[in-house]
Amino acid sequence: MGFIKGVFHEMKMVTWPTGRELMRYTGIVVATIIVVAVFLGLVDWAATQAFNWFLQV
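Given the structure is predicted, the values throughout are model-derived calculations rather than measurements.

**Observations concerning the overall build of the protein**
- The helix and strand tally for the protein stands at two helices and zero strands.
- Whereas a compact globule of 57 residues would reach a radius of gyration of roughly 10 Å, the protein reaches 23 Å, over 25% beyond that.
- The dimensions of the protein, computed from C-alpha atoms along their principal axes, are 70 × 30 × 10 Å.
- With the model as given, the accessible surface of the protein reaches about 5600 Å², and the carbon-plus-sulfur share is 75%.

Right, here's the structure in full:
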């Protein structure tokens, strides 16, 4: 029971982000995911092209 009380006490001290901050952080995460996906897609495409060229030679 002491653990649960400690959790509630700690949760009262947490500083939660505002709605505006939450939207900003969400946008940063989504943008990062898109950038990484495009990068990995380009690397995959380049590797496929190189592999196909290697097989044809």
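Continuing now.
**Overview of the UniProt feature "transmembrane region" (unreviewed entry) in the protein**
- Per the UniProt annotation, the sites labelled "transmembrane region" (unreviewed entry) are residues 22–43.
- Helix makes up 100% of residues 22–43 and strand 0%, with an end-to-end C-alpha separation of 32 Å.

**What about the environment of F3?**
- Within the element layout of this structure, F3 appears in helix α1 (residues 2–12).
- For F3, a relative accessible area of 65% puts it in the exposed group.
- As a C-alpha pair, F3 and V14 span eleven residues in sequence and 17 Å in three-dimensional space.

**Quick word on a nonpolar patch on the surface**
- Nonpolar side chains collect at one region of the surface, where M1, F3, I4, V7, F8, M11, V14 and W16 lie side by side and expose about 920 Å² of accessible area between them.
- Among the secondary structure elements, M1 is positioned in the segment before α1.
- Under the relative-accessibility criterion, M1 is labelled exposed at 75%.

Procedures and definitions
Residues numbered from 1 in each chain as written. Predicted model: local features only at pLDDT ≥ 70, side-chain atom pairs only at ≥ 80, totals over all residues. Heavy atoms only, no water. Helix = DSSP H or I, 4+ residues; strand = E, 2+ residues; numbered from the N terminus. Rg over C-alpha atoms; globule rule 2.2 N^0.38 Å. Areas by Shrake-Rupley, 256 points an atom, 1.4 Å probe, with all protein chains shown as cover. UniProt positions renumbered as here; feature names shortened; annotations may be inferred. Buried < 20%, exposed > 50% of the residue type's maximum accessible area, 1.4 Å probe, protein only. Patch = residues over 30% accessible without salt bridge, like charges linked within 9 Å, V, L, I, M, F, W, Y side chains within 5 Å. Salt bridge = Lys/Arg side-chain N within 4 Å of Asp/Glu carboxyl O.

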